[in-house]
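These are the residues of each chain, in order.
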Amino acid sequence: MKAKRIYFFAKGRADGTGDMKDLLGGKGAGLAEMTRAGIPVPPGFTIPTTMCLEYFKKGLRFPQGLREDVKKSIKRLESVTGKGFGSKENPLLVSVRSGAKFSMPGMMDTILNLGLNDQTVGGLADKTGNQRFAYDSYRRFMYMFGDVVLGIGKKVFEEIFEGYKKKFNAKDDTSVPHAALKSVVEDFKNIIKSKTKKEFPQDPYQQLFMAIEAVFKSWNNDRAIYYRKQNNIPENLGTGVNVQTMVFGNAGDDSATGVGFTRNPATGQKVFYGEYLTNAQGEDVVAGIRTPKQISELAKEMPGVYRQLQSITTRLEKHYRDVQDFEFTIENGKLYMLQTRTGKRTPQAALKIAVDLVKERLITKEQAIARIEPDKLEQLLHPVFDPKVKYEVSAKGLAASPGAASGIVVLDANKAVELSQKSEAVILLREETSPDDIHGMDASKGILTRRGGMTSHAAVVARQYGKPAVVGCEALEIDEKTRSVKIGNKLLKEGDHISINGTTGDVIIGKVPFVDPDLTGDFKTIMTWSDNIRRLGVRANADTPRDAMRARSFGAQGIGLCRTEHMFFAEDRIGIMQKMILAETREERLKFLDMLLVMQRQDFTGILKEMHGLPVTIRLLDPPLHEFLPKREELMVEITKLEFNGLNPGELAEKKKLLARVEELHEFNPMLGLRGARLGIIMPDITRMQVRGIIEAACDLSDKGIKVYPEIMLPVISMEEEMHAQKAIVIQTANEVMKQKNKKIKFLVGTMIELPRAAITADEIAREAEFFSFGTNDLTQTTYGFSRDDAGRFISFYRSYSEHCPVCGGRLNKDGICEVCGYKVPVKPQNILSFDPFATIDVKGVGELVKIAVEKGRKTRPDIKLGICGEHGGDPMTVRFCHDVGLTYVSCSPYRLPVARLAAAQASLSAKAATAVRKSRILSRSR
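Please read these numbers as outputs of a predicted model, since none were measured by experiment.

Q: For the packing of aromatic side chains, give the residues involved together with the corresponding values.
A: Following the criterion strictly, the structure yields 23 aromatic pairs and no others. When the ring of Tyr 55 is compared with that of Phe 62, the centres are 6.1 Å apart and the planes differ by 90°; the resulting orientation is edge-to-face. On the accessibility criterion, Phe 62 (12% relative accessible area) is buried. Here a set of aromatic residues connected by ring pairs shows up, and it is made of Tyr 55, Phe 56, Phe 62, Phe 85, Tyr 205, Phe 209 and Phe 216.

Now the structure itself:
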C-alpha cells in the first residue's frame, strides 16, 4: 500500500486522528482530533513525519509526488476557504509549522503569513480595509522567512525595526504607523537581496516549498539536536509539517492571540491559566516581545469569546484526561483553536495534577504513577531558601517556575555553559530568552528575564527543565555592552551574586542560604502509591550518619553501599592512615590500626543506629593505598624547597621517607592494581580491623535494644579463591568479637561484582558469597575499557551530537570550531553511542554480564540477595532493567531515592502490561 503523503483537515472532517502522533506529530494529531470534535480549527493539512525522514534519506530532496500533493491540497484549501493562493483580490495565506511526536517547544521552526508578496499585500489591505494590518503581516512574514528559510538571522531585521520604533517614538510594535511599515518592508527586501544576492521570492508556491524544506531541516538544527539529547528523544522520528490557513490576531483591537493551560503548569492548581495579546500574532506572546495580559482579562474585554474558550479547553482536558497546553487566535471577534497538546509542567505541578486527576476520577492511581517523569522528582529534593533568614527583595517579576537558586550573574548562554563546566553556579539574565539560549538555560541554576510572561519561552523551558525562573522583571536594566545589570539604583557586574525565588517572583542581590525542603502532601501520596506497586527494593548509598538520616527521610529501605575509604580522609584521620601505611613492622602497623579501629567503630555505630532495623551493606577498603598519601610531584617540590632552605632537617627526612613509600606503592595502572580484596589478602590486618569495628558496633547497639543488620562486602573480587580467603578472615574475626562480647549478630558476607571475570564465574563465587552487589561504575569501565574519569570528552563525540571539544572540553559552534581553544573538529560527531554508558546501563554488554551473574549466582545459591550500587541505581531506564532481570534491590544516592522508587513502580506496571499483552496473544491464537 502506497504511503499517504498528505493528511487534510477541515470543517469537522480529518484524515488523521488523535492517536496518530507517530505519523502526524503531536501538533498534527491534535489538529485532526479537534477538527473531528467540531472545535473551530482553521483548515489545513499535515505532511507526515515519514516525508521528513524520506527527505533526509534522499539527500535533502523532496520525496517523489510530494510537491504535486501539496499543490492539490492548496487547491482544496482554496475551495474550502473561498480564497486564492496568490490572489490579488482575496489572498489565501498560510502558516507552516513543525510538529514532532514529542513536544519540543521552540526548538524547530515556524513561518506565518506565507503567501504575501508585493501584489497580495495590496489585496489583503483592500479586502480588510486595513493597510496597517496588511503591511504588519508582510513585515512579520519577511522577518520569519529571512531568518528561518534564508538563514540571515533575526538580529539584522530586529535592528531595522527597532530603529523605526525609536524614530516614531513607538513604545511597542502596534504604535508604528502603517506608512513606516511600508518602509520597513522595503528595507527588509534590501537586506535579503544584499545577504542572499537574490530578490525576495514573490511566487507563493516557491515560498511554500522553501518553507516546508526549512521545517524539515529544522529537525536537525543545533537546538533541536541538543534538546533531543537532553530529553532522550530518539533521532529517527522526524517532524511533521502543518500547513494551515492563517487567522489573524493582529487584525485590530477585536483580535488577539494567546496561549494557555487548563491548569497552572507551575503549581498544578486547577485554575484556567494563560496569557494573550490584543492586535498581535502568536510569536509575540511566546517570544516575550510584549508583556502579555492574564487570561482573566479576556473575560472583561471579550466575555463571549472567553466563555467559549473555557468551555472548549475544559472539553479537551476531559477528552485527553490530562492538562492541555493550547494556542488560540481571535480574528475580528471569532475564536479559532490552533493547537492542543499535553502540557509541560514542573515536578511540583506534575505531582499535584496526578493526584487531583485521580481524585476527580479521570485516571487511576496506576495511570498517575505512569505519567510522572522519575528524573524530574530529584529537583524537588534540593534545598530551598531558609525561611528563617531575612533578606531584602530588590525586584519582583512573575513567578514562572518554582524553586530557589543563587549564583553569579551571566548575560549570555555560551558564558553560562563555560562557567558551569568550571563548577560555577550561574544565573542566566536575558532581556528574553530564545531557542538559541537552550544550552545556557540547561547549564544555569536559574533564569531571570526582563520581558516575557508565564507562557514565554523562558517560562516554558524553565518549567520543563525544573529550573527556577522569574520572568517579566521590568526593574532590570541589562547592558550587554558593559556586561552589567542595574536593579533600581544598584549596579551588578557579570560575576556578581544574585538570587531568585521562582515560587514568589523575588529577585535578591547577593546569596541567600538554603535548607532542605519539607516533602509532604502530594509527594508523599505519590511515593506511597509507588511503594505499594513496586517489587524492587530501594536502598541508598550513604557513608555518614547524616547521609543515612537523609536516606531514611527519602524512603530508603537500607544502605546498599557504605564506602569506608571516605571515612579515612577526615583531617583527624588521614595522618594516622598515612602512618599506618608507612609502618615498617607489623607491630607498628597494628598500633595505628588500633587507633583507626576506635574511629571506625564510631562510624559504624552512627550509621547502623540511624538505620535501626534496616540492612546496611558496608564495603571494606576499596582504593589502592597510594590514594591516602600525598601526590608524588607535590612531595618532590616540597623536598626541593626544604633542601634549598636547609632549615628543617627533621621534616626533610620525614618527607623523603614518605616519598620513598609513595615510590614503592606507585603503580602504572592503580585501578587494576593492589586494591580491594587483593590489598586485604596482602595486608589482612586491615580487613580484621574493619570487620572488628563493624561487629563491635553491632554488638554494642544490640545490647541497647537497637536492631542491626550488617552486610560485609568484599570489593574487587575476581575469583572464588579470593572470596574464600577474605571471607575466612571476616568469619574468624567476627566470631572472635561475638565470643568476647557474648553476643550473636546475624550478618552476611558478599561481594561487589565489578569485574567481567567475576560476572562470568558468578556460580563459583556464589559458593562463598551470600549476596552480590553489582558495582556497575567499575563494571562498565572494565567492560568497555573506558576510564570513567577521562572518557567524557570522547563519549560526547561518540554520541549523535557532540557539543564539547575533544581537546579542551569547550563548546563547539555549528561549524565544529571550539569557542575556547579554536580547535576545529576534523570530522562530524559520530553516531557510535546513543547514550552515556556511565549514566544508563549498557544492556547489550554490561547488562548481559549482569544477567549471566544473576542466573549463575541463583543456580548455586537460590536465595542469594542481588542488588546494584553504582550511580546507575538512580537511573530510571536502569531501574527498569534491574526489575526485569530480577534483582532484589537498587541502591543510589539519597537525593535519587524518590526517582528510584517511582521508576521501580513504573517498571512493575510495564512488566504487568507486557504480561497481559502476551496472555492476550496466546488466547487469541488458541481461538
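Moving on from the model shown.
Q: Go over the pattern of salt bridges, please, and point to the residues and values.
A: Applying the stated criterion across every chain yields a total of 59 salt bridges. A salt bridge links Asp 603 to Arg 573; the shortest N-O distance between them is 2.4 Å. Here the residue Asp 603 occupies a position in helix α22 (residues 586-610), and Arg 573 occupies one in helix α21 (residues 571-582), the gap between them amounting to 30 residues. Summarising the burial analysis for this pair, Asp 603 and Arg 573 share the class buried. Across the salt bridge formed by Asp 685 and Arg 586, the nearest N and O atoms sit 2.7 Å from each other. In this pair, Asp 685 sits in helix α26 (residues 684-703) while Arg 586 sits in helix α22, placing the two residues 99 residues apart along the sequence. On the accessibility criterion, Asp 685 (9% relative accessible area) is buried. Salt bridges linked by common partners bring Asp 136, Arg 139, Arg 140, Glu 162, Lys 165 and Asp 173 together as one network.

Q: I'd like to hear about the packing of helix α23 (residues 632-645) against helix α24 (residues 649-665), residue by residue, with values.
A: Where α23 meets α24, the axes come as close as 10 Å, and the angle between the chain directions of the two elements is 155°. Compared by their axis directions, α23 and α24 come out roughly antiparallel. α24 is crossed by α23, and the crossing has left-handed handedness. Residues Arg 632, Leu 635, Met 636, Glu 638, Ile 639, Leu 642 and Glu 643 of α23 lie in contact with α24, whose contacting residues are Glu 651, Leu 652, Lys 655, Lys 656, Leu 658, Leu 659, Val 662 and Glu 663. Within the contact of α23 with α24, the residues separate by chemical class into eight nonpolar, no polar and seven charged.

Q: Any details on the side chain of Ser 484? Residues and values, ideally.
A: Tracing the chain through its elements places Ser 484 in strand β20 (residues 484-487). Take Ser 484: its relative accessible area is 6%, and that puts it in the buried class. With residues up to four places along the chain from it excluded, the contact list for Ser 484 reads Leu 411, Glu 477, Ile 478, Asp 479, Leu 491, Leu 492 and Lys 493.

Q: Can you tell me about the sheet that holds strand β21 (residues 490-493), naming the residues and giving the values?
A: The three strands are arranged β19-β20-β21 in an open sheet whose pairing can be described as antiparallel. The strands lining the two open edges of the sheet, one partner per strand, are β19 (476-479) and β21. Sheet twist, expressed as the average angle between the axes of neighbouring strands with direction ignored, equals 20°. Bridge count between β20 and β21: four bridges; the pairing is antiparallel. Paired with Val 485 across the bridge in β21 is Leu 492.

Q: So what about the packing of helix α5 (residues 131-149) against helix α6 (residues 155-167)? Which residues, and what values?
A: Running from amino to carboxyl end, α5 crosses α6 at an angle of 155°, the nearest separation of the two axes being 9 Å. Considering the angle they form, α5 stands roughly antiparallel to α6. Here Arg 139, Met 142, Tyr 143, Gly 146 and Asp 147 of α5 come into contact with α6, specifically with Phe 157, Glu 158 and Phe 161. Looking at the contact of α5 with α6 residue by residue, the classes come out as four nonpolar, one polar and three charged.

Q: How would you sum up the nonpolar core? Please name residues and give values.
A: Ile 526, Ile 695, Phe 772, Phe 774 and Leu 887 are the most contacted members of the largest nonpolar core, which totals 97 residues. With eight residues, helix α34 (residues 897-926) is the largest single contributor of residues to this core. With near-sequence residues (within four places) excluded, Ile 526 lies in contact with Leu 351, Ala 354, Val 355, Ile 369, Ile 372 and Leu 902. Residues Phe 62, Val 70, Ala 100 and Val 461 belong to the second largest nonpolar core, which totals 90 residues.

Q: Mind laying out the side chain of Asn 501, listing which residues take part and the relevant values?
A: Structurally, the position occupied by Asn 501 is in strand β22 (residues 497-501). Judged by relative accessible area, which is 11%, Asn 501 ranks as buried.

Q: Outline unusual backbone geometry, listing residues and values.
A: For Lys 11, which is not glycine, the phi torsion reads 50° and is therefore positive. Within the secondary structure layout, Lys 11 lies in the loop between β1 (7-10) and β2 (13-14). The residue Leu 60 is not glycine, and still its phi comes out positive at about 65°.

Procedures and definitions
- Residues numbered from 1 in each chain as written.
- Predicted model: local features only at pLDDT ≥ 70, side-chain atom pairs only at ≥ 80, totals over all residues.
- Heavy atoms only, no water.
- Phe/Tyr/Trp six-rings, centres within 6.5 Å; stacked < 30°, edge-to-face > 60°.
- Buried < 20%, exposed > 50% of the residue type's maximum accessible area, 1.4 Å probe, protein only.
- Salt bridge = Lys/Arg side-chain N within 4 Å of Asp/Glu carboxyl O.
- Helix = DSSP H or I, 4+ residues; strand = E, 2+ residues; numbered from the N terminus.
- Axes fitted to C-alpha atoms, helices over the stretch in contact; angles between N-to-C directions.
- Parallel < 35°, antiparallel > 145°, perpendicular 65-115°, else oblique.
- Left-handed = near helix turned anticlockwise from the far one by under 90°.
- Contact = heavy atoms within 4.5 Å.
- Nonpolar A, V, L, I, M, F, W, Y, C, P; charged D, E, K, R; others polar.
- Pairing = 2+ DSSP bridges.
- Core = buried A, V, L, I, M, F, W, Y, C linked by side-chain atoms within 4.5 Å.

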